[in-house]
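Read off the chains here:
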Amino acid sequence: MIDLHLHLDGSLDKEDFIYLANRQNIQLPIDLENKIHVSQDCRSLEEYLMCFDLPLSLLQEKWAIAYAVEALINRLYQKGYIYVEIRFAPLLHTQKGLKQSDVVEAAVGGLKKALKNKVDFDANLILCAMRGEDEKNNMETMRVASLFKNEKVVAVDLAGAEALHPATYFNRVFEIAREDKLNITIHAGEATTSDEVVRAIQIGAQRIGHGVKYDLSEENVKLVKEHHIGFEFCPTSNLQTTSLPSYESNPVLRFLKNDILVSINSDNMTVSNTDVFEEFSHLYRHLNLSRDDIHRLLNNAAEMAFVSDDEKRRIISQINAKFDDFIENITK
């Protein structure tokens, strides 16, 4: 019911693809169903990321970006979510001449339109800088995030192939974020080791996207607890990128045992063919999560959310009100 790690371009549904393509006279592949989900024999994060070429080709105009955000919000609300943070890289939507500020303006517009008249539900945006992109473009992402930080943009991120582009390369980029007091979450510890998580924390990360390869040594546990770092686990995508070999190998219970903040998220609803309800269901079946474990994970997500304390209290109240229904949903 809460998703803190959800990519816009990885979460268009089949109807979105068809509508966006028809309006733009873009030819979709005949085997669309096979193209919008990651293949079962995916061998790496880099191969997984290739699934985003098609949706990105459809999201290069302002109306299309606004539509995609609005459609996703409406779908999440209908599924019973109570809070989400949707992330995307503005730079990747500038292939046909849009400025990054145009992209974010469109996304904010779609978000606000979708949120009208929705009760007990809220959503915000996270802007991603990209590993492998030039520093100037990533700095522009930070500046645009600052421009919209009072307009539903609540944080910045660093995404992409972490093994090829360590976080330390981006210290100057995130210096802008630190100076402007932007919240920071960074993809790390998915395709690499604990060192990349430590680098992310050193350049200002408050949350870690994935982080499943973070070694829980005494020193490492102390570091993340001292900095109050939250981890955004995405179990199914970690199998698909071969970050982990199985649901049973997911370290979520070890993180809980060490009192480290960790939440469960979907990453990409369409590419990974999942949602938060499915993710909890997988872990319930494969790790035998208890009701207390599940409740802690949901409350962790509320605590980790980039929102005010009042909003966190609202989210927790909704968790408690819907908890029995949530348990029934994921255990049936």
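In case you missed it, the structure is sitting above this.
Residues numbered from 1 in each chain as written. Predicted model: local features only at pLDDT ≥ 70, side-chain atom pairs only at ≥ 80, totals over all residues. Heavy atoms only, no water.

Helix and strand counts for the chain come out as 15 helices and eight strands. Each of the three principal axes of the chain carries a C-alpha extent, and together these read 50 × 45 × 45 Å. Relative to its full complement of 332 residues, the chain shows a buried share of 60%. Long-range pairs, those at least 24 residues apart, make up 74% of the contacts in the chain between residues at least 6 apart in sequence. Across the chain, 37 positive and 51 negative side-chain charges occur, with their mean positions spaced 3 Å apart. (Helix = DSSP H or I, 4+ residues; strand = E, 2+ residues; numbered from the N terminus. Buried < 20%, exposed > 50% of the residue type's maximum accessible area, 1.4 Å probe, protein only. Contact = heavy atoms within 4.5 Å. Lys, Arg positive; Asp, Glu negative; His and termini not counted. Charge placed at Lys NZ, Arg CZ, Asp CG, Glu CD.)

Counting 103 residues, the largest nonpolar core has Ile73, Phe174 and Phe231 as its most contacted members. Looking at this core element by element, the count peaks at eight residues for helix 6 (residues 100-115). With residues up to four places along the chain from it excluded, the contact list for Ile73 reads Val84, Ile86, Leu111, Ala114, Leu115, Lys118, Phe121 and Ala123. (Core = buried A, V, L, I, M, F, W, Y, C linked by side-chain atoms within 4.5 Å.)

Applying the stated criterion across every chain, the model contains 20 salt bridges. Between Arg207 and Glu85 there is a salt bridge; the shortest N-O distance is 2.9 Å. You can see Arg207 sitting in strand 6 (residues 207-210) and its partner Glu85 sitting in strand 2 (residues 83-88), a full 122 residues away along the chain. On the basis of relative accessibility, which here comes to 1%, the residue Arg207 falls in the buried class. Note that Arg87 is salt-bridged to Glu232, the shortest N-O span being 3.1 Å. Of this pair, Arg87 sits in strand 2 while Glu232 is found in strand 7 (residues 230-233), placing the two residues 145 residues apart along the sequence. In this pair, the class of Arg87 matches that of Glu232, namely buried. Members of the salt-bridge network, linked through shared partners, are Glu85, Arg87, Asp157, Arg207 and Glu232. (Salt bridge = Lys/Arg side-chain N within 4 Å of Asp/Glu carboxyl O.)

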